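Residues per chain are reported as follows:
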Amino acid sequence: THKVREIRTILGGSFEVSDLSLLPAMPEVEETGPTFEDNATLKAVAASLLFDGWVIADDSGLEVDALHGAPGIYSARYAGPACDDAANNAKLLRDLEPVADAARTARYRCAMVYLRWPEDPSPVIAQAAWEGRIGRVARGTGGFGYDPLFLVGASARTAAEFAPADKNLQSHRGQALRGLVAALASGAR
Ligand code: IMP
């Protein structure tokens, strides 16, 4: 729902966006793939089986260098199968406790997959990253997930301290979605 809100805002008024995860028939898609791109494709196919129209799916996560890329594709369930943002953030702070500030580099990644039909042999895929560092205290009330710990770029501001429009201008999701729209607009379909 957070993601859909961001996607709706980034796309603006010329698109009607429906959140297919709210369909009662939408299964909980098991993210069994090894990459963001694979998992976004699994979600897009599941949605496309239920919906006659264009479908986009996002798979995203946080990659922390000192943790060799963790939590990565497991970002949503880093602290366990039924955890929440607070538990994930607490675990991240614990795991990075001994890591010096300069080594706390990280990035959000997003893969966005567009399908016309479930069996679309020519998906459009866009990927993007948003660089930053992991702070030592949670700050800010915007965004979701790891945003209160994610210091944007080399700044001292967390993603949760950004106004929604400013986050969308820079974020992995904003960049990937604009890349997807550009690829579609270039008419390579
Ligand atoms: P997904 O729903 O399987 O793609 O998992 C995405 C997870 O990555 C979320 O639950 C968050 O933990 C994290 N994540 C992805 N994008 C963001 C973001 O923009 N802000 C904060 N956390 C994010």
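Since the model is a prediction, treat every value here as computed from it, not as a measurement.

Engineer: Tell me what's going on with the environment of G132, and back it up with residues and numbers.
Structural biologist: Note that G132 resides in strand β3 (residues 124-134). Between the C-alpha atom of G132 and that of W117, which follows or precedes it by 15 residues, the distance is 36 Å.

Engineer: Could you give an account of the sheet that holds β3, naming the residues involved and the relevant values?
Structural biologist: Pairing within the open sheet is antiparallel, and its 4 strands lie in the order β1-β2-β3-β4. Two strands bound the open sheet, and with one partner strand each, they are β1 (55-64) and β4 (150-152). The sheet shows a mean angle of 40° between the axes of neighbouring strands, taken without regard to direction. Two elements, strand β2 (residues 105-115) and β3, share 10 bridges in a ladder whose sense is antiparallel. Looking at the pairing, A106 lines up with G132 of β3. Its contacts with the sheet place helix α2 (residues 36-50) against β1, β2 and β3, and it is angled at close to 155° to β1.

Engineer: With reference to specific residues and values, describe the environment of Q170.
Structural biologist: When you line up the elements, Q170 lands in helix α4 (residues 164-170). Residue class for Q170 comes out partly exposed when judged on its relative accessible area of 35%. With 85 residues separating them in the primary sequence, Q170 and D85 have C-alpha atoms 22 Å apart.

Engineer: Report on the packing of helix α1 (residues 2-11) against helix α5 (residues 172-185), specifying residues and quantitative values.
Structural biologist: The interhelical angle for the contact between α1 and α5, taken along N-to-C directions, is 50°, at an axis separation of 10 Å. By the criterion of interaxial angle, the relationship of α1 to α5 is oblique. Relative to α5, α1 is oriented so that their crossing is right-handed. Each of K3, E6, I7, I10 and L11 in α1 lies in contact with α5, whose residues at this interface are R173, G174, L177, R178 and V181.

Engineer: Could you give an account of the site of the ligand, naming the residues involved and the relevant values?
Structural biologist: For the ligand, the set of nearby residues contains 16 residues, the closest of which are K3, F144, D147, K167 and R173. One of the side-chain nitrogen or oxygen atoms of K43 is found 3.4 Å away from an oxygen atom of the ligand. Take S60: an N or O atom from its main chain is 3.0 Å from an oxygen atom of the ligand. The fraction of the free accessible surface of the ligand (490 Å²) that becomes covered by protein chains is 90%. No other element matches the 3 residues that β1 contributes to the shell around the ligand. Residues of the shell around the ligand, tallied by class, amount to 4 nonpolar, 5 polar and 7 charged.

Rules and cut-offs
- Residues numbered from 1 in each chain as written.
- Predicted model: local features only at pLDDT ≥ 70, side-chain atom pairs only at ≥ 80, totals over all residues.
- Heavy atoms only, no water.
- Helix = DSSP H or I, 4+ residues; strand = E, 2+ residues; numbered from the N terminus.
- Pairing = 2+ DSSP bridges.
- Axes fitted to C-alpha atoms, helices over the stretch in contact; angles between N-to-C directions.
- Contact = heavy atoms within 4.5 Å.
- Buried < 20%, exposed > 50% of the residue type's maximum accessible area, 1.4 Å probe, protein only.
- Parallel < 35°, antiparallel > 145°, perpendicular 65-115°, else oblique.
- Left-handed = near helix turned anticlockwise from the far one by under 90°.
- Near = heavy atom within 4 Å.
- Polar contact = N/O pair within 3.5 Å; in protein donor to acceptor, adjacent residues only side chain to side chain.
- Areas by Shrake-Rupley, 256 points an atom, 1.4 Å probe, with all protein chains shown as cover.
- Nonpolar A, V, L, I, M, F, W, Y, C, P; charged D, E, K, R; others polar.

Distances and angles like these do not, on their own, reveal function.
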